[in-house]
Amino acid sequence: MMNRRHFLAQGAGTALATAAAYPGTALATTPASGPGDIAVLREIVITLHPGLYRYNSPKTIDQALRKLDQTWSDLPDLASRYLHLSRFLATIKCGHSYANFFNQTKQVTADLFDRRSRLPFAFQWIEGQMVVTQDQSGTNSLPRGTIVKEINDLDVKEMLSRLLPYVRADGNNDAKRRALLSVSGADKLETFDIFHGLVYGAPRNKAGEPKDGFHYMRMRLPDTASDTWVDVPALTLADRQAFYKAPDYRGDSPVWDWTMRPDSIAVLKMDGWALYNSTWKWETWLNDRLDSLKGAKGLIVDIRDNEGGLDCGDILLARMVDKDIAKPRADRLVRYTKTPEHLNRYLDTWDDSFRNWGDQVEPFNDRFYKLKRWDDDGILAAKGPRVTTPMAVLTSAQNSSATFQFASLTKQLGLGTLVGEATGGNQRGINGGAFFFARLPESGIEFDVPLIGYFPQSKMPDAGVAPDIKVSTSAKAIAEGSDNQLGAAVNHLLRRT
C-alpha cells in the first residue's frame with residue numbers, strides 16, 4: 001500500500017544555519033495571485049487526510065499550522081521551508097505523509113538534496129549507537145562494527161535526537177523513525193542524508209568553522225578498548241548512489257533470493273514488494289519455490305529490509321492453510337465524497353477516480369465516509385497444494401504497510417514465528433491505499449496525501465507488531481559478519497523438527 005510514484009513518511013536557528021551553510025539556496029517564489037502555500041496545505045490536510053486526528057487533537061493541528069504559517073513568512077528560503085514542512089507532516093504521525101524525496105521537481109532535488117555533506121559509510125542505529133555496516137570512504141578506516149560516537153564535535157545521540165522530529169512514521173513508533181535514519185543503500189535518496197544535510201549543512205566543527213569537505217569523527221573500532229579520531233571525506237549524492245544496491249523492480253528479472261541451506265532450511269529473502277510496474281511473473285516464481293519445499297525442515301522469510309508494496313505475502317499465507325482465512329476487519333474511511341474543484345490544480349494522482357468517490361462511499365459518522373470500493377469480504381482464499389513446512393519470519397522496524405500487515409496476520413493466525421525486532425506500522429491502523437501528490441504553489445514542494453484510513457474495529461495499542469522471539473542485532477555481530485537473527489530462526493525451526 002505504498003506510494004506508486006515513489007517506486008517506490010526547529011526553531012529559526014536551524015533554518016538560518018542551513019541558509020548560512022549554503023548561501024546559494026534557492027528562495028521560494030510567491031505567485032502573483034491565489035492562495036499561499038500554507039493556506040493550500042491547511043485545506044488539503046483538513047479536507048482530505050483521514051488520519052489527521054488519529055494521534056492529534058484539532059487544536060494541536062491548528063496550532064502547528066499557525067506556527068508553520070509564521071515560519072513560512074519569516075524564513076523564505078527553500079531549504080528552511082522544506083524542513084519546517086517536513087516537521088509539520090511528521091507531527092501527523094502517518095508513515096505515508098511526507099515531502100516525498102522522489103516526487104520533487106528536478107530543481108527542488110538539485111537545490112536541496114545534491115550536497116556534499118553525506119557521511120562516507122552505511123550504518124544502523126542499534127540501541128542508540130551508530131554502527132558502521134559498510135565503509136564507503138575509500139580510506140579503509142571504517143571496518144564493519146565500528147561504533148561512531150562523535151561527528152564534527154557533535155555527539156551522534158544528540159544528532160539522532162535532533163533529526164527524529166522530521167521523520168515519518170505511524171503513531172509513536174520511534175523504532176521506525178530510527179530505521180529510516182539508518183543508511184542501508186536500499187534507496188537512491190536516503191532519509192538520513194536528506195535531513196542531516198539540510199539541518200547540519202556542509203561539514204563544520206562545533207564552532208561553526210568549515211571542515212574543508214571532511215568529517216572529523218571520534219569512534220571505537222571493533223575489538224579495541226579506546227577511541228580513535230579520523231578525518232573522512234564527505235560524499236556527494238553521486239558518490240552515495242554508487243553504493244545503491246536495490247534491484248530494478250520494474251524489470252522482468254527476479255528481485256528476491258531463494259536459498260536451500262545444507263540443513264534443509266529454505267531462506268526466502270524479500271527486500272521489496274514494490275512490484276506495481278514489474279513484468280516479472282513473481283507469483284509463478286514464488287509458487288514454484290513453495291512447491292519445492294517437500295522434505296524441507298523449515299522456511300525462513302526475511303523481510304527485514306522491506307517497507308511494503310503489493311500484498312505479496314498473501315500467497316505465502318494462502319498456501320499454508322487448508323481453509324480460507326478471515327482477515328481481521330478494519331473500517332476503510334475517507335474524508336470526502338468529491339475533492340473541492342479549486343484544490344484539483346494542486347493534486348496529482350495515477351487514478352482520477354480518487355477525486356470523486358461517487359456511490360462508492362456511504363456516510364459513516366459526522367467526520368468520515370465509509371468506502372465500499374475495494375471493500376471485499378475480508379477472506380483470503382486458501383490455495384493448494386498446502387505447504388506444511390514450518391515458517392519463521394524475520395522482522396524489523398522497516399516493516400510498514402504491506403509487510404506490517406503480513407507480519408500481523410502471520411502472528412494472529414499462528415502461521416509462522418516472528419523472529420527479530422518489532423515492526424514499523426501501527427496496530428491502531430495506518431493510512432494509504434490511494435494517494436494524491438500535492439504540490440504547493442509558492443515553493444513547488446510536493447507532499448504525499450494518503451486518502452484511505454484503516455481503522456481497526458477494536459481498540460489496539462499504539463505500537464508495531466512484537467516478535468515472538470526477540471533478537472536484536474549488535475555491533476559485535478556486524479563486526480563478525482554473523483547474522484544472529486537468522487541464526488535464531490534456524491535454531492528455532494530445527495528444534496521444532
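For the structure, see preceding data.
Reading the values: rules and limits
- Residues numbered from 1 in each chain as written.
- Predicted model: local features only at pLDDT ≥ 70, side-chain atom pairs only at ≥ 80, totals over all residues.
- Heavy atoms only, no water.
- Core = buried A, V, L, I, M, F, W, Y, C linked by side-chain atoms within 4.5 Å.
- Buried < 20%, exposed > 50% of the residue type's maximum accessible area, 1.4 Å probe, protein only.
- Contact = heavy atoms within 4.5 Å.
- Axes fitted to C-alpha atoms, helices over the stretch in contact; angles between N-to-C directions.
- Helix = DSSP H or I, 4+ residues; strand = E, 2+ residues; numbered from the N terminus.
- Parallel < 35°, antiparallel > 145°, perpendicular 65-115°, else oblique.
- Left-handed = near helix turned anticlockwise from the far one by under 90°.
- Pairing = 2+ DSSP bridges.
- Salt bridge = Lys/Arg side-chain N within 4 Å of Asp/Glu carboxyl O.

Peer 1: Before we move on, can you summarise the nonpolar core with the specific residues and values?
Peer 2: In this structure, L41, I44, Y82 and M130 are the most contacted members of the largest nonpolar core, which totals 77 residues. Residue contacts for L41: discarding those within four places in its chain leaves L65, L68, L85, F88, L440 and F447. Of all hydrophobic cores here, the second largest spans 39 residues; its members include L275, W282, C312 and V387.

Peer 1: Go over the packing of helix α2 (residues 37-48) against helix α3 (residues 58-74), please, and point to the residues and values.
Peer 2: As a packed pair, α2 and α3 sit with axes 10 Å apart at the nearest point and diverge in direction by 160°. When the axes of α2 and α3 are compared, the pair comes out roughly antiparallel. For the crossing formed where α2 meets α3, the hand is right-handed. Residues D37, I38, L41, R42 and I46 of α2 pack against D62, L65, R66, L68, D69 and W72 of α3.

Peer 1: Would you mind going over the sheet that holds strand β18 (residues 431-439) in detail, with residue names and values included?
Peer 2: Across the sheet, which stays open at both edges, the 6 strands sit in the order β12-β18-β19-β11-β14-β13 with antiparallel pairing between neighbours. Since the sheet does not close on itself, it has two edges, and those belong to β12 (347-348) and β13 (361-363), each with one partner. Across 2 bridges, the pairing between strand β11 (residues 330-334) and strand β14 (residues 369-371) is antiparallel. If you follow V334 over to β14, its bridge partner there is Y369. Strands β12, β18 and β19 (446-456) of the sheet are contacted by α2, whose axis makes an angle of about 20° with β19.

Peer 1: Tell me about the pairing of β19, and name the residues and values.
Peer 2: Remember that side chains alternate between the two faces of the sheet whenever the strand is regular. By the criterion of burial, β19 is predominantly enclosed, with 10 of the 11 residues buried. Sheet topology note: the β18/β19 ladder contains 7 bridges and is antiparallel. Residue R439 lies in a different strand from β19, and its bridge partner there is E446. Linking β18 to β19, which pair antiparallel, is a turn of 6 residues; within it G444 sits at a positive phi near 80°.

Peer 1: Give me the sheet that holds strand β7 (residues 257-260): which residues, what numbers.
Peer 2: Here 6 strands make up an open sheet; going across it, the order is β7-β8-β9-β16-β17-β20 and the pairing mixed. Edge positions in the open sheet fall to β7 and β20 (469-470), since each of these has one partner strand only. Sheet analysis places strand β8 (residues 265-269) next to strand β9 (residues 298-302), joined by 5 bridges and oriented parallel. Across the sheet, residue K269 finds its bridge partner in β9, namely D302.

Peer 1: Any details on the environment of T71? Residues and values, ideally.
Peer 2: Looking at the element boundaries, T71 is found in helix α3. Here the alpha-carbon distance between T71 and R81, two residues 10 residues apart in the chain, equals 8.0 Å.

Peer 1: Provide a residue-level description of the pattern of salt bridges, including the pertinent values.
Peer 2: Throughout the structure, instances matching the rule amount to 24 salt bridges. Notably, a salt bridge pairs D248 with R250, separated by 3.6 Å at the nearest N-O pair. Assessed through its relative accessible area of 56%, R250 is described here as exposed. Between D352 and R355 there is a salt bridge, with the nearest N and O atoms lying 2.9 Å from each other. D352 sits in the exposed class, given a relative accessible area of 52%. The class of R355 is buried, set by a relative accessible area of 17%.

Peer 1: Give a detailed account of the side chain of E307, specifying residues and quantitative values.
Peer 2: Summarising the element assignment, E307 is placed in the loop between β9 and α11 (313-319). Judged by its relative accessible area of 13%, E307 is buried.

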